Amino acid sequence: MADSQSDADKIRMKRLAKLGGQPATNGEPSAPSKPASSPLVPPTPQPEGLQSVQQPEIPKTSDLPKVNPFSQLGIKTDSKTPPRIHIKPKSTLSENGDGSTDARPGSQQGSRDSIEIWEDRTLNTIFRTSLDPSISRDAHGHRVYYVSGVRSDLEDEGVPVRLSTSVLEQAILEAASHLQEENLLDYLLGCWKRVSRMFRGIRSSEKDDHRSNILKEARRLCFSYCIFAVTMPDMFGQEPSSINSLAEHLLVDSEHDRGICHDFLSEAVSRFDEDETVREALVGAMEQLSRQLSKLSMNDDYKPYILAMRNFVRYQPLLVALTQSSMFLPPEVPAHQIETSTLLGPFFRLSPMQGEVALNYFSSPKTRDKAYIANSQKALRMTLQTHQDELFDIANCFIKTKDSREKILNWLALTVNANHKRRAMQVDAKTVSSDGFMVNVTVILDRLCEPFMDATFSKVDRIDVEYLRRNPRVLIEDETKINADQHASDRFYADKVGGTTNFITEIFFLTVAAHHYGTEAANTKLSQLQRDVKWMEKQLEKFEVERHKFAQNPAQLALFEAHLKKLKDQLEKGHCTILAIQGVLLDELSQARSMQFMRYVIVWLLRLVSPGRNFPRQLLQLPLVEEQPEVFKCLPEYFLEDIVDNFKFITRNIPQIITSTQCDELMMICITFLRSSEYIKNPYLKSGLVTILFHGVWPIYGRAKGVLGDLLYASDFATKHLLHALMKFYIECESTGTHTQFFDKFNIRYEIFQVIRCIWPNPIYRENLGTEARLNLDFFVRFVNLLLNDVTFVLDESFTAFKQIHDLAKELRSPPESLDANSRQEKEEALSAAQSKAKGYMQLTNETVAMLKLFTEALEDSFTMPEIVQRLADMLDYNLDALVGPKSSNLRVENGEEYGWRPRQMLAEIVDVYLNLKEKTAFHRAVARDGRSYKPSNFTKAMTIMQRWALKSPEQLQDWEKLANLIQAAKEADEQEELDYGDIPDELCDPLMATLMEDPVILPRSRVTLDRSTIRSHLLSDPNDPFNRTPLKIEDVIPDVEMKGRIEAFKAEKRGKRTAQAPAPVEAGEPMDTSG
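What counts, and at which threshold
Every residue gets a number counted from 1 within its own chain, in the order that chain's sequence is written. Where totals are concerned, whole chains, interfaces and linings use all residues; where local detail is concerned, this predicted model gives features only for residues with pLDDT of at least 70, and gives and counts side-chain atom pairs only at 80 or more. Only hydrogens and water are set aside; all other atoms, that is, all heavy atoms of the structure, feed into the side-chain values. UniProt positions are given in the numbering used here, feature names are shortened, and annotations may be inferred rather than shown by experiment. Secondary structure follows DSSP: runs of H or I at least 4 residues long count as helices, runs of E at least 2 residues long count as strands, and numbering of each begins at the N terminus. A 1.4 Å probe rolled over the protein chains alone gives each residue an accessible area, and that area as a share of the maximum for its type sets the label: buried under 20%, exposed over 50%, partly exposed in between. Two residues form a contact once any of their heavy atoms are found within 4.5 Å. Using a 1.4 Å probe, accessible areas were evaluated by the Shrake-Rupley method; residue-level cover was limited to the displayed protein chains. The nonpolar core is taken to be a set of buried Ala, Val, Leu, Ile, Met, Phe, Trp, Tyr and Cys residues, with the residues joined through side-chain atoms within 4.5 Å. A pair of strands is labelled paired if DSSP reports no fewer than 2 bridges between them. Where helices are involved, their axes are fitted lines through C-alpha atoms of the stretch in contact, as for all axes, and angles between N-to-C directions lie from 0 to 180°. Centre distance within 6.5 Å is the pairing criterion for rings of Phe, Tyr and Trp, where only the six-membered ring of Trp is used; planes under 30 degrees apart are then read as stacked, over 60 as edge-to-face, and the remainder as tilted. In our convention, an over-ring charge means Lys NZ or Arg CZ found within 6 Å of a ring centre and within 35 degrees of that ring's normal. Each patch is built from residues that are more than 30% exposed by relative accessible area and take part in no salt bridge. Like charges join if they lie within 9 Å; nonpolar side chains (Val, Leu, Ile, Met, Phe, Trp, Tyr) join within 5 Å. Salt bridges are identified by distance alone: a Lys or Arg side-chain nitrogen within 4 Å of an Asp or Glu carboxyl oxygen. Positive charges come from Lys and Arg, negative ones from Asp and Glu, while His and the chain ends are left out of the count. Here the site of a charge means atom NZ of a Lys, CZ of an Arg, CG of an Asp or CD of a Glu. Distance and chemistry together define a polar contact, namely a pair of N or O atoms within 3.5 Å, with one atom able to donate a hydrogen and the other to accept it when in protein, and with adjacent residues in sequence counting only for side-chain atoms on both sides. Cysteine sulfur atoms that come within 2.5 Å of each other are treated as a disulfide pair. Geometric relationships in this document are graded by angle, where less than 35 degrees denotes roughly parallel, more than 145 denotes roughly antiparallel, 65 to 115 denotes roughly perpendicular, and other angles denote oblique. Crossings are sorted by hand: turned counterclockwise from the far helix by less than a right angle, the near helix makes the crossing left-handed, and turned clockwise it makes it right-handed. Following the grouping adopted for this structure description, the nonpolar residues are Ala, Val, Leu, Ile, Met, Phe, Trp, Tyr, Cys and Pro, the charged ones are Asp, Glu, Lys and Arg, and the polar ones are all others, Gly among them. The length a helix should cover is 1.5 Å for every residue beyond the first.

- The name an unreviewed UniProt entry assigns to the protein is U-box domain-containing protein, from the organism Glonium stellatum.
- Quoted verbatim from the Catalytic activity (unreviewed entry) field of the UniProt record, the comment on the protein reads "S-ubiquitinyl-[E2 ubiquitin-conjugating enzyme]-L-cysteine + [acceptor protein]-L-lysine = [E2 ubiquitin-conjugating enzyme]-L-cysteine + N(6)-ubiquitinyl-[acceptor protein]-L-lysine."

**Points about the overall build of the protein**
And step 1. In terms of regular secondary structure, the protein is built from 42 helices and five strands.
And step 2. Residues counted as buried form 50% of the 1076 residues belonging to the protein.
And step 3. A separation threshold of at least 6 residues defines the contact pool for the protein, and within that pool the share at least 24 residues apart is 74%.
And step 4. Total accessible area computed for the protein in this model is approximately 52,300 Å², and 51% of it derives from carbon and sulfur atoms.

**Points about the nonpolar core**
Generally speaking, nonpolar side chains in soluble globular proteins are found buried as a group.
And step 1. In terms of nonpolar packing, the biggest core is built from 297 residues, with Leu605, Phe673, Leu712 and Trp960 touching the most fellow members.
And step 2. With 17 residues, the top contributor of residues to this core is helix H34 (residues 777-813).
And step 3. Residues in contact with Leu605, not counting those within four places in the same chain, are Phe632, Leu635, Phe639, Leu640, Ile643 and Ile669.
And step 4. By size, the runner-up hydrophobic cluster in this structure holds eight residues, among which are Val1001, Ile1015, Leu1019 and Leu1032.

**Here's the deal with the sheet that holds strand E3 (residues 1000-1002)**
And step 1. Pairing is antiparallel across the open sheet formed by three strands, whose spatial order is E4-E3-E5. Looking along the sheet, the strands with just one partner apiece sit at the ends: strand E4 (1009-1011) and strand E5 (1038-1039).
And step 2. The sheet contact formed by E3 and E5 spans two bridges and is antiparallel. Residue Val1001 lies in a different strand from E5, and its bridge partner there is Pro1039.
And step 3. Most of the contacts of helix H41 (residues 1012-1021) go to E4, to which it runs at about 85 degrees, and overall it touches E3, E4 and E5.

**A look at the packing of aromatic side chains**
And step 1. For the coordinates displayed, the defined rule picks out 44 aromatic pairs.
And step 2. Put simply, the rings of Tyr467, Phe508, Phe509, Tyr517, Phe597, Trp604, Tyr638 and Phe639 touch in pairs and so form one group of aromatic residues.
And step 3. For the cation-ring pair, Arg405 lies above Phe503, with the distance from its terminal atom to the ring centre recorded as 5.9 Å.
And step 4. One cation-aromatic arrangement involves Arg904 over Trp949; the distance from NZ or CZ to the ring centre is 4.0 Å.

**Comments concerning the UniProt feature "coiled-coil region" (unreviewed entry) in the protein**
And step 1. The feature "coiled-coil region" (unreviewed entry), as given by UniProt, occupies residues 519-546 in the numbering adopted here.
And step 2. Within residues 519-546, the helical portion is 93% and the strand portion 0%, while the C-alpha atoms at the span's ends are 41 Å from each other.

**Observations regarding a negative patch on the surface**
And step 1. A contiguous patch of negative charge, built from Glu477, Asp478, Asp485 and Asp490, is present on the exposed surface.
And step 2. Here Glu477 lies in the loop between helix H20 (435-449) and helix H21 (486-494).

**Concerning a nonpolar patch on the surface**
And step 1. On the surface, a nonpolar cluster with roughly 290 Å² of combined accessible area is contributed by Leu992, Met993 and Phe1027.
And step 2. Tracing the backbone shows Phe1027 in the loop between H41 and E5.
And step 3. With relative accessibility at 37%, the residue Phe1027 sits in the partly exposed group.

**Some words on the environment of Ile756**
And step 1. Looking at where Ile756 falls in the secondary structure, it is placed in helix H32 (residues 741-759).
And step 2. Accessibility expressed as a relative area gives 1% for Ile756, which makes it buried.
And step 3. When the C-alpha atoms of Ile756 and Leu723 are compared, they prove to be 7.6 Å apart, with 33 residues separating the residues in sequence.
And step 4. For Ile756, the contacting residues outside a window of four places in its chain are Leu723, Leu726, Met851 and Phe855.

**Looking at the pattern of salt bridges**
And step 1. Summed over the entire model, instances satisfying the criterion amount to 55 salt bridges.
And step 2. We note a salt bridge from Arg473 to Glu506, for which the minimum N-O separation is 2.6 Å. Here the residue Arg473 occupies a position in the loop between H20 and H21, and Glu506 occupies one in helix H22 (residues 503-517), the gap between them amounting to 33 residues. The same class applies to Arg473 as to Glu506, namely buried.
And step 3. Note that Asp569 and Lys565 form a salt bridge whose closest N and O atoms lie 3.0 Å from each other. Pair noted here: Asp569 and Lys565 are both in helix H24 (residues 554-585), with a separation of four residues, about one helical turn.

**Re the side chain of Glu847**
And step 1. Following the sequence through the fold, Glu847 ends up in helix H35 (residues 821-858).
And step 2. What makes Glu847 buried here is its relative accessible area of 11%.
And step 3. One polar contact links Glu847 to Gln754, side chain to side chain, over a distance of 2.9 Å.
And step 4. Ignoring sequence-local partners within four residues, the contact set of Glu847 consists of Tyr750, Phe753, Gln754 and Arg757.

**Comments concerning the environment of Ser136**
And step 1. The residue Ser136 is located in the loop between strand E1 (129-130) and strand E2 (145-146) in this model.
And step 2. Judged by relative accessible area, Ser136 falls into the partly exposed class, the value being 45%.
And step 3. Leaving out residues up to four positions away in the same chain, Ser136 has contacts with His142, Arg143 and Val144.

**Notes on the state of the cysteines**
And step 1. Under the definition given, this model contains zero disulfides.
And step 2. The thiol sulfur of Cys222 is not disulfide-bonded, and the nearest other cysteine sulfur, from Cys226, lies at 4.5 Å.

**Focus: the packing of H34 against helix H36 (residues 866-884)**
And step 1. At a closest axis distance of 10 Å, the pairing of H34 and H36 adopts a crossing angle of 15 degrees. Relative to H36, the element H34 lies roughly parallel. In this structure, the crossing between H34 and H36 has a hand that is left-handed. The segment H34 lies against H36, with Phe780, Val781, Val784, Asn785, Leu788, Asn789, Val791, Thr792, Leu795, Asp796 and Phe799 engaging Glu867, Ile868, Arg871, Leu872, Met875, Tyr878, Asn879, Ala882 and Leu883.
And step 2. Within the contact of H34 with H36, the residues separate by chemical class into 13 nonpolar, four polar and three charged.

**Focus on H20**
Because an α-helix packs 3.6 residues into every turn, residues spaced three or four apart end up facing the same way.
And step 1. Along its 15 residues, H20 runs 21 Å from first to last C-alpha, staying within 8% of the 21 Å computed at 1.5 Å per residue.
And step 2. Taken across its 15 residues, H20 has 15 buried, putting it largely inside the fold.

**Here we look at helix H5 (residues 115-127)**
And step 1. Its 13 residues give H5 an end-to-end C-alpha distance of 18 Å, which sits within 8% of 18 Å, the value for a rise of 1.5 Å per residue.
And step 2. For H5, the tally of buried residues reaches 11 of 13 residues, placing the bulk of the element in the interior.
And step 3. Within H5, burial applies to Ile117, Trp118, Glu119, Asp120, Arg121, Thr122, Leu123, Asn124, Thr125, Ile126 and Phe127.

**A short note on unusual backbone geometry**
And step 1. Following Phe615, the chain continues to Pro616 via a peptide bond in cis, the omega torsion being 10 degrees.
And step 2. Following the sequence through the fold, Pro616 ends up in the loop between helix H25 (588-609) and helix H26 (630-633).
And step 3. With an omega of -5 degrees, the peptide bond running from Leu622 to Pro623 counts as cis.
And step 4. Summarising the element assignment, Pro623 is placed in the loop between H25 and H26.
And step 5. Phi at Asn895 is positive, roughly 55 degrees, even though this residue is not glycine.
And step 6. Tracing the chain through its elements places Asn895 in the loop between H36 and helix H37 (903-916).
And step 7. Residue Arg1007 is not a glycine yet carries a positive backbone phi of 60 degrees.
And step 8. In this fold, Arg1007 is placed in the loop between E3 and E4.

**Observations regarding the environment of Arg211**
And step 1. Counting through the fold element by element, Arg211 comes out in helix H9 (residues 210-231).
And step 2. Taking relative accessible area as the criterion, Arg211 reaches 17% and is therefore assigned buried.
And step 3. Residues Arg211 and Trp118 lie 93 residues apart in sequence; the distance between their C-alpha atoms is 8.3 Å.

**Regarding the packing of helix H12 (residues 276-293) against helix H13 (residues 303-312)**
And step 1. Two numbers describe how H12 lies on H13: the axes approach to 10 Å, and their chain directions differ by 150 degrees. With respect to their mutual orientation, H12 and H13 come out roughly antiparallel. Crossing hand, H12 versus H13: left-handed. Between H12 and H13, the contacting residues are Leu282, Val283, Met286, Leu289, Gln292 and Leu293 on the first element and Tyr305, Ala308, Met309 and Phe312 on the second.
And step 2. Among the residues making up the contact of H12 with H13, the classes are represented as nine nonpolar, one polar and no charged.

Structure, rendered in structure tokens:
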């Protein structure tokens, strides 16, 4: 004990010397020391950080050495001596802000302090304990815990009262059990931070010395007690809790004393094999965070949760442990609980598409201007992009770790397999995952595909086409197939194949499915929500006008106002949600990634349908082979549907992000499956391909022909196949098999006309149309027949609507006295409906007439074939009569431009069609034979209008007058021929048209004889025998040679009689008898 006191006295004197700037040499004090037996020497030296706040016991004056006290501080009394500056050496145990010290003892300090004193001081500093009851605070004001039990045990054992590793456990337990203001884990984690800092400060050369071992043991014990505090709080006298106390500390900054630092996680990982409770504590903490996050949204402070997970997954053992959690992939979890009940679900659930978040971004949306909305959507996208970057970082860690890859793939498969109902006709949002969750999943999968999606498609052959026949993760049993029924599909997939599936294939098929149930489902939800909001707005208007009914009853008025407020709140939430979904889906960065992936899907599909050709290195050959590959026929329909929906959205809303290289594959798949349309069963998908082309030729800034126009105009592939593909689908869409097919076909054909208008200036396309008329006559005739049908129908409907508008507007301007309010409202609604109808039909009318003008200009002969010319003439005469005939005044409406109604322009275009065929005798005859609408006066009236408004040049007006005369002459000749023929025997007349047959044929089943042109025209719109409804093709009819002979004989007989009855010509020079 005397030796320890002597050492303590020396240490004390050395410190006094240091304060004076005169360090002692050779370990001796700079002033005489008190004898070892002096009672003034403190019995136990304290750590430097603690001793600095404890005033040393001041000895009595009689006991102190007779020296000037200022000399001990290095200050001499002789003021004449120039002052010297002494540099105080840096303490080798430098203090940190929390009172902890650097663990690197310098050689000088090591020579002054024994290892026992250093150990006592260091451990007390780390754990903020004290064996001296008089010490309650350290130098920084932190509370110090007096461990009386440890001191008592040391005194009982007769050993120095110093803290050492041998009694450290007892000290930690005693200090931790007597915490009052401080949380147990807060205290222990603070100790961990201090010991870790000191341990990191050890030089590499000192790693194996005694001090290092002390810190290692202190660190080990500190970590163990941290885990005990989480798993066994009762050992510290605290009640066990169902909440993992470690969870809240994962949310704190790792540099903070309460936070979980990387050293802690590294130590935890190293303990996994020896202590299972460490794994359970950490995984349980992350499970607790996941449950807490499931109740938050982006309006709350969610970022610490994301950071905690990102820190966690940096450690592979921790990451693997997460995948082994029962919460990672719980069995039989319903679709709507995936985002709240699985470990990763709450992290992917966060999205600005959540209703409450959308309200936060777009409050009072009807009162905001476009700039505010645009800025809010931009801020929304930036927030979401940051979040998705973090999600990708988390997911990628799972993917890169071999032991966790299968589990994360299973979780991703669960998100798509459980959400098939998201693409149902009517979706119950309470039974499926949210849009925000599924969009995040889709975006992350897109990014996981990026490594193998190079520009040259070098890895596209790694995508195994047999994946779906090898027990795949993606379930497709209830999915509609591209071109196979359920029985054929089941038979195909029942034949399993062997082998293993590579990662590229797994992630490819998962991503295709995620697009279907994620982004594209959200796109569909957006369209539905927009319709719902419009309906609610109409309901709100109707509801508000009912307020006066409750004005006299306060109770009912209050109920009315409450219901009205509820409706307005729902409407506001709907508007905000629409803006949020638009903001997410219009993110150019994520859509560019999506489009890049779809480009890969396109190439993969085109490779499937062109076996033997190494597409894209080798060009496609169209039409595709007649025998369709089974693997393609049995693919889920959403492979094509994803492409169609994705590019329809992009070409319509953000076409500027499409690059020229992406346009090539997009153009090819559209033309390929329109040209070989039998490869696809669903007409909606084929119409979607037309819509993509239609949107692709819309002018945008910097591209007059849109993103696809130039390619369609000049590409060799397009010039060779596009026109036939468009004509083919123009014919097919006559019957789509849906209840809306009648209106669908007009929308589809309008889009086809727009594409043709874009490419028509290229003479190659006009040559292709002529080739179709020469080499594929039936195909061309069917196309023209449907074109004429459309012109006739839409013009008739438009004119009917204009007559209704004319009559209703006239009546409403001068209403009769008997017209009450209800009747007036009905007429106003009828007027509005007629205006809407006229606007829709006139848009299609203008395009159809324009197409007819272009086609007749290029192919005069083709449009004067017997199968076509009479129908064309009838249609033109009917519309000319409507425009300039006696009833044309019924078509006069106010503000006709609003409906696209420009009657003078319409007249000019119809006249152009007449003039395009002015040289064709068959056309003259057909017009003249139109007994319903042909009137010579109409030609005269049209001439007058065109002259008045200068609609045509003088040369064209002369041609018009000449054409009118030719038609009049044909009419007279036809009438004369009819007189000559007299009564035609019924057996020589066509049974449908009641005219003399020219080319009689026999129908094979019904054995009825009629004219070839009649049955050909009939089969264009109905593929059945008109007399017994059996299937019939024009190739099946049989020429009736006998009837042909009888007809020719009849004609010859009539012509002979006419010749015989003609008066003899008067000889020249013979005077005419005028005597009467």
